[in-house]
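# A closer look at the structure
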Amino acid sequence: MHVLLVEPEYHTRFPPIGLLKLASYHRLRGDSVELVRGRVSPKKKPDSIYVTSLYTWAWRPVWQAVRFYKDMFPTAEVWLGGVYASLMPEHAAKSGADYVHVGVFEEAEGLMPAYDLVPEWDGSIVFSSRGCNNRCPYCAVWRIEGGLSHCRRSIKDLVYPGHTRIILWDNNVLQNPHWREVFDELIWFCKVRGMKVDFNQGLDARLFTDEVAEKLSMMRLMCVRLSYDRDEVGPFVERAIEMLSERGMRRRSVLVYVLYNFDDDPEGFFKRVRDVLMWGAVVYPMRFEPLNALERWKHVGPKWTREELELVEDFRRVYGYGGTLPPYGWLVERFRKAECFEEAFKLPNKGEHEKRVRKPYHAGWQREADWRKVVKNVLSKRW
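Here's what I pulled together on the structure shown here. Please read all numbers here as calculations on a predicted model, not as lab measurements. (Residues numbered from 1 in each chain as written. Predicted model: local features only at pLDDT ≥ 70, side-chain atom pairs only at ≥ 80, totals over all residues. Heavy atoms only, no water.)

## Structural notes on unusual backbone geometry
At arginine 135, a residue that is not glycine, the phi angle is positive and equals roughly 55 degrees. Position of arginine 135 among the secondary structure elements: in the loop between strand S6 (124–126) and helix H5 (141–145). In this model, asparagine 261 sits at a positive phi of 75 degrees, which is unusual for a non-glycine residue. Considering the arrangement of structural elements, one finds asparagine 261 in the loop between strand S10 (254–260) and helix H9 (266–278). (Helix = DSSP H or I, 4+ residues; strand = E, 2+ residues; numbered from the N terminus.)

## Describing the pattern of salt bridges
All chains considered together, the criterion is met by 31 salt bridges. The shortest N-O distance in the salt bridge between lysine 215 and aspartate 184 comes to 2.7 Å. Here lysine 215, found in helix H7 (residues 210–217), pairs with aspartate 184, found in helix H6 (residues 179–193); they are 31 residues apart in sequence, far enough to count as distant. Given the relative accessible area of 14%, lysine 215 is considered buried. For aspartate 184, a relative accessible area of 39% puts it in the partly exposed group. Salt bridges sharing partners connect three or more residues here, namely Glu7, Arg37, Asp370 and Arg372. (Salt bridge = Lys/Arg side-chain N within 4 Å of Asp/Glu carboxyl O. Buried < 20%, exposed > 50% of the residue type's maximum accessible area, 1.4 Å probe, protein only.)

## Concerning the environment of glycine 202
Among the structural elements, glycine 202 can be located in the loop between strand S8 (196–199) and H7. Residues glycine 202 and serine 227, spaced 25 residues apart in sequence, show a C-alpha to C-alpha distance of 7.3 Å.

## Remarks on the nonpolar core
Phe199 and Leu226 are the most contacted members of the largest nonpolar core, which totals 63 residues. Ranked by residues supplied to this core, first place goes to H6 with seven residues. If near-sequence neighbours (up to four positions away) are discounted, leucine 226 is found in contact with Leu203, Ala205, Phe208, Val237, Ala240, Ile241, Val254, Leu255, Val256 and Tyr257. Ranked by size, the runner-up nonpolar core spans 23 residues in total, among them Leu20, Leu35, Trp371 and Val374. (Core = buried A, V, L, I, M, F, W, Y, C linked by side-chain atoms within 4.5 Å. Contact = heavy atoms within 4.5 Å.)

## What to know about the packing of H6 against H7
In contact at an axis separation of 9 Å, H6 and H7 are set at 20 degrees when each is read in the N-to-C sense. Relative to H7, H6 is oriented roughly parallel. Once H6 is placed against H7, the crossing between them reads as left-handed. Contact residues: H6 offers Trp179, Arg180, Phe183, Asp184 and Ile187, while H7 offers Glu211, Val212, Lys215 and Leu216. Taken together, the residues of the contact of H6 with H7 sort by class into five nonpolar, no polar and four charged. (Axes fitted to C-alpha atoms, helices over the stretch in contact; angles between N-to-C directions. Parallel < 35°, antiparallel > 145°, perpendicular 65-115°, else oblique. Left-handed = near helix turned anticlockwise from the far one by under 90°. Nonpolar A, V, L, I, M, F, W, Y, C, P; charged D, E, K, R; others polar.)

## Overview of the sheet that holds S10
Pairing in this open sheet of three strands is parallel, and the strands run S9-S10-S11 from one edge to the other. Looking at strand neighbours, the two that pair on one side only are strand S9 (224–227) and strand S11 (282–287), the edges of this open sheet. Taken over all neighbouring pairs, the strand axes of this sheet differ in orientation by 30 degrees on average, direction set aside. The pairing of S10 with S11 spans six bridges and is parallel. When the sheet's bridge partners are listed, tyrosine 260 is paired in S11 with arginine 287. (Pairing = 2+ DSSP bridges.)

## Some details on the sheet that holds strand S4 (residues 77–80)
Judged by pairing direction, the sheet is parallel, and its five strands sit side by side in the order S2-S1-S3-S4-S5 without closing on themselves. Pairing within the sheet leaves two strands with one partner each, and these edge strands are strand S2 (32–37) and strand S5 (99–100). Where S4 and S5 come together, two bridges link them in parallel fashion. Paired with tryptophan 79 across the strands is tyrosine 99, a residue of S5. Relative to strand S1 (residues 2–7), helix H1 (residues 17–28) is tilted by about 175 degrees, and along the sheet it contacts S1, S2 and strand S3 (48–51). Contacts from helix H2 (residues 59–72) reach S1, S2, S3 and S4, with the element oriented near 170 degrees to S3.

## Here's the deal with a negative patch on the surface
On the surface, a cluster of negative charge is contributed by Asp265, Glu267, Glu339, Glu342 and Glu343. Following the sequence through the fold, glutamate 339 ends up in the loop between helix H11 (329–337) and helix H12 (341–344). (Patch = residues over 30% accessible without salt bridge, like charges linked within 9 Å, V, L, I, M, F, W, Y side chains within 5 Å. Areas by Shrake-Rupley, 256 points an atom, 1.4 Å probe, with all protein chains shown as cover. Lys, Arg positive; Asp, Glu negative; His and termini not counted. Charge placed at Lys NZ, Arg CZ, Asp CG, Glu CD.)

## Section: the packing of aromatic side chains
Using the criterion set out here, one finds 31 aromatic pairs in the structure. Relative to tryptophan 169, the ring of phenylalanine 14 lies with its centre 5.3 Å away and its plane at 85 degrees, an arrangement referred to as edge-to-face. Residue phenylalanine 14 is found in the loop between S1 and H1, and its partner tryptophan 169 is found in the loop between strand S7 (165–168) and H6; the two are separated by 155 residues along the sequence. For tryptophan 169, a relative accessible area of 15% translates into the label buried. Ring geometry for tyrosine 25 against phenylalanine 105: centres 5.3 Å apart, planes inclined by 75 degrees, an arrangement best described as edge-to-face. (Phe/Tyr/Trp six-rings, centres within 6.5 Å; stacked < 30°, edge-to-face > 60°.)

## A few points about the side chain of histidine 178
Within the secondary structure, histidine 178 is located in the loop between S7 and H6. Not counting residues within four places of it along the chain, the set of residues in contact with histidine 178 comprises Cys151, Arg152 and Arg153.

This is the structure in structure tokens:
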């Protein structure tokens, strides 16, 4: 049969890896496959249609795609899966899809994605494990994938010939009991094939050891991502930055996600941002959105006000770079001297930097919804 794979027209920076795995699965069954983005006329009438989804607030393009193809091909079965479908299956069912799939599609999980369908993409997206054992209340991972599972000793069979980088999407790769074997393979790919490595979902600073830092120092890394979501994680983040610095990594090559707008308050957020800047790393303020949010930027945490949230966003526009807060000398000194959130995040006097306050803090290419149109920018982006 012919299978149509549909990526809705939402904002994304990566190819639809789940659909590419489904393509490989159906090819093994002798089926033909076709990948499209948005609502277009496919080359061939499909017998089955898979529509993927991403964030919950990006549900409208998903519904539009489902209804478009249901109307065009009323006899074809339409399956809806992905993050939104897994987090909100009851809402997703109202889209008109015949079936809503929750979680990982097990039969396709171990297969090499069909990267020939996205020839412009240059990066093997790899899971050496699925799930996470931490069960953080603000995280969707364990709700969709459960605890740690699908742990692999080797990822070599998932690296596509011709790609120049490996992008790991493990939610907590250091929880994988076979992380040493995986890291050794990554080192081999870096040294023998000259590939770059990106731990795209970040590394758990609490699991950092000298051995971890040493192996990371032997890879060609564009950056290392950590997270500082709770006060008690701070000492681990500082230690991880120190270990990486001792082995030659620039502190500015470490990006630290700092969660806010959850159950924290502005003062705690200010202190965590100050910590990271003082440690010489780059801050990425990560604004919490409820896992069932159907609209973005509407949620106000219990200890925040809308005005305080807007202040953080405006501060990133005026003083930040691409949404981040790099450890500029003057910015570090400003936060070192500040005694509270309001003082640290104070904006210029009225009339100053008005254009910068009004404009988005992301570059123009980052506002492009289709990853294909900005693939070179995406792959060269450090953060």
